[in-house]
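# A look at the structure
Here are the chains, one letter per residue:
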Amino acid sequence: MHHCPYCGTKVKENELYCIKCGKQLPEDATERLINRKSFNKYWYIPISILALVILSAGIYYVIMQNQTAEASDLYNKAEESVMGGQYGEAKELLQSALENSKEFKQADIALTYVQEALKIENSIEKANNYLKKQEYQKALSLINDAENSLSNYNGNAVTQLIDKLTSKRNLIKIEELKHKLNQNPSINDMKALLWEAESIKHDEAAEITTDIRNQIVDYTFSKASENLNDKQFSDALVIVEDGLKYAPNSGKLQSLKTTIDKEKTAFETAQRQRIEQAISSAEEERKLNENDAIELVSVNVENNEQDKLVVKGKVKSVATIPINTILVEYALSSKSGSEFLSNEVYVYPETLYPNEVGEFEFTHFDIDQEGKNINIKVDKIKWYTNQ
């Protein structure tokens, strides 16, 4: 096959000129066999461009790799700052990480959380200011809103911040509770405050809960005892059962409840037996007094933490059989000897066995005097036996 030595186009042996470039073909046919297609110098341009692009891509890749590594290092440092509660510092580190790697999704998410955490820190500070002003509900509202704003986040850092908010909420509730207790609340208000105190998971709140419960027990015991002494057994039982709702483990109230039930039964039985016992009652009373089954161990008057007057004492059974429903009658008088009050109180536990010691206690909520200025005298002690 023959070719034009100038452009390389195929030509026939008998052709004198190239049909493409138009140049005269060599007379020597052998020269037509050589393909002299010349190299186009303009091919240097695309080749050079391609080489430049490859070189630029390599340089860009190296730069991006370095930026990604630096962004990752900044992100790790930001995580440490977040766990340490240094949200401002973490924000700056994350912003720098995103400047190095704009497609760093984790850093972008973390930055959103840190910005939210900074808002929460500001809310906590505002809550502290409301707390100082005793505006407890406003402070609690800020804390609740702050916690709700974290509902879409999770992880150790989030848990740590939620714990901080919970601790602040408990502190606010405790301060609000103390404030209410300082306002001399009624017994019904005290019952409501008991539930509030129990809902707070804090050591100080537990102490307040115990104090409130003890006050409810003392008040319940005193009011129920007054009704019991007036033979209002149903009313006394209602009061005790209501008190047990707030102090179900109170041995003092449980014992009084048992006493009320037995006193009610004894009173009803006594009514039926009143006529037949009328003749022998004097002799039975004499024998009962002669038995002298109870020994007074101690009795005193003092003021409790609420500055209420409390009568406390102990008795001992010197009987040879179990005795129950022990009633102590006492009188209060001034140091000059002027008696101004008499009262009765039941001993607990309700049943005493031989040589066993029982206690009695009564809180006088309506007497505003110092216990050291009052004398107490036990006038009589009554009891029942099962025989």
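Residues numbered from 1 in each chain as written. Predicted model: local features only at pLDDT ≥ 70, side-chain atom pairs only at ≥ 80, totals over all residues. Heavy atoms only, no water.

The next thing to look at is the overall build of the protein. The number of helices and strands found in the protein is 10 helices and 9 strands. Sorting the 387 residues of the protein into buried and exposed places 35% on the buried side. Contacts in the protein between residues far apart in sequence, at least 24 positions, make up 60% of those at least 6 positions apart. Accessible surface, the protein as shown: approximately 23,800 Å² in total, 49% of it carbon and sulfur. (Helix = DSSP H or I, 4+ residues; strand = E, 2+ residues; numbered from the N terminus. Buried < 20%, exposed > 50% of the residue type's maximum accessible area, 1.4 Å probe, protein only. Contact = heavy atoms within 4.5 Å. Areas by Shrake-Rupley, 256 points an atom, 1.4 Å probe, with all protein chains shown as cover.)

Let us now look at the side chain of Asn324. The residue Asn324 is located in strand β5 (residues 323-334) in this model. Those residues within four positions of Asn324 in sequence are excluded, and the remaining contacts are Lys262, Glu350, Thr351, Trp383, Tyr384, Thr385 and Asn386.

Two strands pair when backbone bridges link them, and strand β3 (residues 294-303) and strand β4 (residues 309-317) are joined in this way by 9 bridges, in the antiparallel orientation. Its bridge partner being in β4, Ile294 is matched across the sheet by Ser317. Following β3, the chain reverses through 5 residues before pairing antiparallel with β4; Asp307 in that reversal takes a positive phi of roughly 65 degrees. Across 8 bridges, β4 lies against strand β8 (residues 357-364) in antiparallel orientation. Looking at the pairing, Lys316 lines up with Val357 of β8. (Pairing = 2+ DSSP bridges.)

In this structure the tally under the stated criterion is 17 salt bridges. Among the salt bridges present, the one from Glu175 reaches Lys178, with a minimum N-O distance of 3.8 Å. Placement of the pair is Glu175 and Lys178 together in helix α5 (residues 156-181), with a separation of 3 residues, close to one helical turn. By relative accessible area, which is 27% here, Glu175 ends up partly exposed. (Salt bridge = Lys/Arg side-chain N within 4 Å of Asp/Glu carboxyl O.)

This next bit is on the packing of aromatic side chains. Both the distance between ring centres and the angle between the ring planes are used here to describe each pair of aromatic rings. Evaluation of the coordinates by the stated rule reveals 5 aromatic pairs. Geometrically, the ring pair formed by Phe233 and Phe267 is tilted, given 5.4 Å between the ring centres and 50 degrees between the ring planes. Here Phe267 lies in helix α9 (residues 251-278) and Phe233 lies in helix α8 (residues 233-246), a separation of 34 residues in the sequence. The exposure class of Phe233 is buried, given its relative accessible area of 8%. Given a relative accessible area of 28%, Phe267 falls into the partly exposed group. (Phe/Tyr/Trp six-rings, centres within 6.5 Å; stacked < 30°, edge-to-face > 60°.)

The first and last C-alpha atoms of α8 sit 21 Å apart over 14 residues, in line with the 20 Å expected at 1.5 Å per residue. Listed in full, the buried residues belonging to α8 are Phe233, Ala236, Val240, Gly243, Leu244 and Tyr246. Viewed end-on, α8 has its buried residues packed into an arc of 150 degrees, placing them on one side of the element. The outward face of α8, more than 90 degrees from its buried face, is lined by the exposed residues Val238 and Lys245. (Expected span 1.5 Å × (residues − 1). Arc of directions from axis to C-beta.)

Here we have 3 strands laid out as an open sheet, ordered β3-β4-β8, and antiparallel in their pairing. Lying at the two open borders of the sheet, with one neighbouring strand each, are β3 and β8. The sheet shows a mean angle of 15 degrees between the axes of neighbouring strands, direction not considered. (Axes fitted to C-alpha atoms, helices over the stretch in contact; angles between N-to-C directions.)

It is worth spelling out helix α3 (residues 105-132) at this point. Look at α3: 41 Å from first C-alpha to last across 28 residues, which is about the 40 Å you get at 1.5 Å a residue. Phi turns positive one or two residues past the end of α3, at Gln134, with a value near 65 degrees.

Below, the discussion takes up a negative patch on the surface. A grouping of Asp307, Asp366, Asp368 and Glu370 is seen on the molecular surface, where their side chains present a negatively charged patch. You can see Asp368 is positioned in the loop between β8 and β9 (374-385). (Patch = residues over 30% accessible without salt bridge, like charges linked within 9 Å, V, L, I, M, F, W, Y side chains within 5 Å. Lys, Arg positive; Asp, Glu negative; His and termini not counted. Charge placed at Lys NZ, Arg CZ, Asp CG, Glu CD.)

On to the UniProt feature "domain: Zinc-ribbon" (unreviewed entry) in the protein, then. With numbering matched to this structure, UniProt assigns "domain: Zinc-ribbon" (unreviewed entry) to residues 3-25. Here residues 3-25 runs as 0% helix and 13% strand, with 9 Å between its end C-alpha atoms. (UniProt positions renumbered as here; feature names shortened; annotations may be inferred.)

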